[in-house]
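Read off the chains here:
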Amino acid sequence: MTNARRAARIGRRRWASSKTFHSDAQTEMELTGGSTTQLEMDLGELPLPSYARPAPKEDNVLEQGDLFDLLAESPEPTPQTIFEGMEKPIFEVAFADGRNARFQHANTLLESLEAQDIHIEYQCREGYCGSCRVRLVEGDVHYIEEPMAWIDDDEILPCCCIPKSALKLQ
Amino acid sequence: MAYTTFNRNEFDTFEQPMFFGEPVNVARYDQQKHKIFENLIEKQLSFFWRPEEVDLTNDRKDFMDLPEHEKHIFVSNLKYQTLLDSVQGRSPNVALLPVVSLPELETWIETWSFSETIHSRSYTHIVRNIVPNPAVVFDDITKNEYIVRRAISVTKYYDDFIELSNYYQQLGEGKHTVNGETIDVNLHELKRRLYLTMVSVNVLEAIRFYVSFACSFAFAERAKMEGNAKIIKLIARDEALHLTGTQHMLQIMARGKDDAEFAQIAEECRDDVVAIFHEAAEQEKEWADYLFKDGSMIGLNKDILSQYVEYITNQRIGALGFEPIFDVRNNPLPWINAWLNSDNVQVAPQEAEISSYLVGAIDSEVDTADFGDFDL
């Protein structure tokens, strides 16, 4: 793991544990090739709880905060990775056995599924043990961290990826 | 083919298979056929830890308060793990290094074995802490029939391979007479033994360790032997990485990615693979029986542990592309995942409670007596 990546990870973890405000600029810079410093949220402004937030103005434009009322997952602002020139990844995830979830706020597919009560075996949560391996029937994912564990061509490791499209898993 | 420590032949490293090609000459990592091994090395190095970093003073008190049958569980598991890591701290080097042909893989094998030696040292650290005379624990390892039985099935594949491999390196292929015995050395059989050895190592890392892990974490769930659990967590993190390394080797072999003969061997050996996994699972279940012979511990008993063995056996054999061999579908000990997760492993000692971190430590105790000979 590069130092920058480690720093980003530690930053993210700190945020999650302390609930104070940090920017995740480093993660973003890394993901977008280092050219931008655009932050996900204005640092000076703390997010209002969902019940105190005005309703979305346009029906077809969804923002991070607007989604709080719509679905399960984490109701708190998590430092979701942002990709320059790419819409926020919000995708439906369906399992062959009929369970459904929606990926929207989480850092990884695994976190998202867990928050929606879909439990997947895990161990390392950073792509080297392969415990969370699932079969990808349909769709495409983006790896935030290159997986080290052995996975077959039709398998993915939810602990270190996010969806790039709607997914069907087995 | 005779082994040479510095092969002077010129060859294209990308043409070399993992094993049984040209012996490695320059340990260079600018050309890598299988980059994964370099990644594994870096990850393993980033995991570096020392047993002395973990404070075990509370464990001594905890251990003295444990009822006898729980002491038996704890000490027996330690013995078994000591054995497993003794094997793994040396055998990959002895067996694999003479036949390896890629520098990054050679270095991975060395890094892998080295980390096992740290595990071995940590068992001595734990044992020293809980019993006045560590010899009573260590001396029993080679005598205890439950441990020995499993040790044989762990080591026989290594020994079979090393024996034939030695003949191959000294005498080459063909029929040879050594001390009046006829020995048939052929590369196909040698490769078959290597493949089975890798499978048996895979089983060791993937299944055999986990019964002990489960017990250690079950103690820690009750806030007992927590220092030990911290060490086991670090060991489990390393083992998960070693397992990944072995799975990669097995899959590269089975898919004939650099040696088509191995693909054929993997196909021939499918039944043997299932048998090795099956035997290991059965032995671990017998071990669970031995552990709990005088009584169970809270949160864990023979049945649950046996189900857990079946469950992880299915998981691990599935990772190699085989069908599950047991009926268990769900993890009977889901709380173990949280313990196995390296995210909670303390890696930055300055951030929290490890008080005995040694690197760069200074003694900052200042007593008024230290100023005794000061004159103003």
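Higher on the page you've got the structure.
Structure report, in brief. Note that this is a predicted model, so its numbers are computed, not measured.

## Regarding the layout of surface pockets
Next, step 1: Approximately 1,200 Å³ is the volume found for the largest pocket.
Next, step 2: Looking at the largest pocket, it is lined by 36 residues, and the ones nearest its centre are Arg133(A), Val134(A), Tyr311(B), Gln315(B) and Arg329(B).
Next, step 3: Breaking the lining of the largest pocket down by element, the ones donating at least two residues are β3 (134-138) of chain A together with α11 (302-319) of chain B.
Next, step 4: Residues that form the lining of the largest pocket fall into these classes: 14 nonpolar, eleven polar and eleven charged.

## Things to note about the packing of aromatic side chains
Residues and elements named next belong to chain B.
Next, step 1: Throughout the structure, instances matching the rule amount to 15 aromatic pairs over all chains.
Next, step 2: Between tryptophan 108 and tryptophan 112, the ring centres sit 6.3 Å apart and the planes meet at 10 degrees, which makes this aromatic pair stacked. Of the two residues, tryptophan 108 and tryptophan 112 both sit in helix α4 (residues 103-130), four residues apart, roughly one turn of that helix. In this structure, tryptophan 108 and tryptophan 112 share a single accessibility class: buried.
Next, step 3: A ring pair is formed by tryptophan 287 and tyrosine 290, whose centres lie 5.2 Å apart and whose planes are at 40 degrees; its orientation type is tilted. Here tryptophan 287 and its partner tyrosine 290 are both found in helix α10 (residues 270-291), three residues apart, which amounts to about one turn of the helix.
Next, step 4: Since its relative accessible area comes to 11%, tyrosine 290 is described here as buried.
Next, step 5: An aromatic cluster of at least three residues, connected via ring pairs, comprises Phe209, Tyr210, Phe213, Phe217 and Trp339.
Next, step 6: The ring centre of tyrosine 146 lies 5.5 Å from the NZ or CZ of arginine 149, which sits over that ring.

## Considerations on the environment of Lys71(B)
Residues and elements named next belong to chain B.
Next, step 1: Within the secondary structure layout, lysine 71 lies in helix α3 (residues 68-96).
Next, step 2: Along the chain, lysine 71 and tyrosine 29 lie 42 residues apart, while their C-alpha atoms are 47 Å from each other.
Next, step 3: Once residues within four sequence positions are removed from consideration, lysine 71 is found in contact with Phe63, Met64 and Leu66.

Conventions we followed
- Every chain is numbered independently, its residues counted from 1 as its sequence is written.
- Working convention: letters from A go to chains and numbers from 1 go to ligands, in the order in which they are written.
- The predicted nature of this model means local features are confined to residues of pLDDT at least 70 and side-chain atom pairs, given and counted, to a pLDDT of 80 or more, with totals for whole chains, interfaces and linings taken over all residues.
- Excluded from the side-chain calculation are hydrogens and water; included are all heavy atoms of the structure.
- For cavity detection a 1 Å grid was placed over the protein atoms alone, and a set of points counts as a cavity when a 1.4 Å probe fits there but cannot get out; an open set counts as a pocket when protein lies on both sides within 12 Å along at least five of seven lines, with lining residues being those that have an atom within 4 Å of a point.
- Grid points are joined across faces, edges and corners, and a volume is the space filled by probe spheres set on the points.
- Going along the chain from the N terminus, every DSSP run of H or I of four or more residues is numbered as a helix, and every run of E of two or more is numbered as a strand.
- Under the scheme applied, nonpolar residues are Ala, Val, Leu, Ile, Met, Phe, Trp, Tyr, Cys and Pro; charged residues are Asp, Glu, Lys and Arg; polar residues are all the others, including Gly.
- Aromatic contacts are taken between Phe, Tyr and Trp rings whose centres are within 6.5 Å, Trp giving its six-membered ring; a plane angle under 30 degrees counts as stacked, one over 60 as edge-to-face, and the others as tilted.
- Exposure categories follow from relative accessible area, calculated using a 1.4 Å probe and restricted to protein chains: below 20% of the type maximum is buried, above 50% is exposed, and the middle band is partly exposed.
- Only when the NZ atom of a Lys or the CZ atom of an Arg is both within 6 Å of the ring centre and within 35 degrees of the ring normal do we say a charge sits over the ring.
- We call two residues in contact when some of their heavy atoms are within 4.5 Å.

Everything listed is a geometric property; what it means functionally is a separate question.
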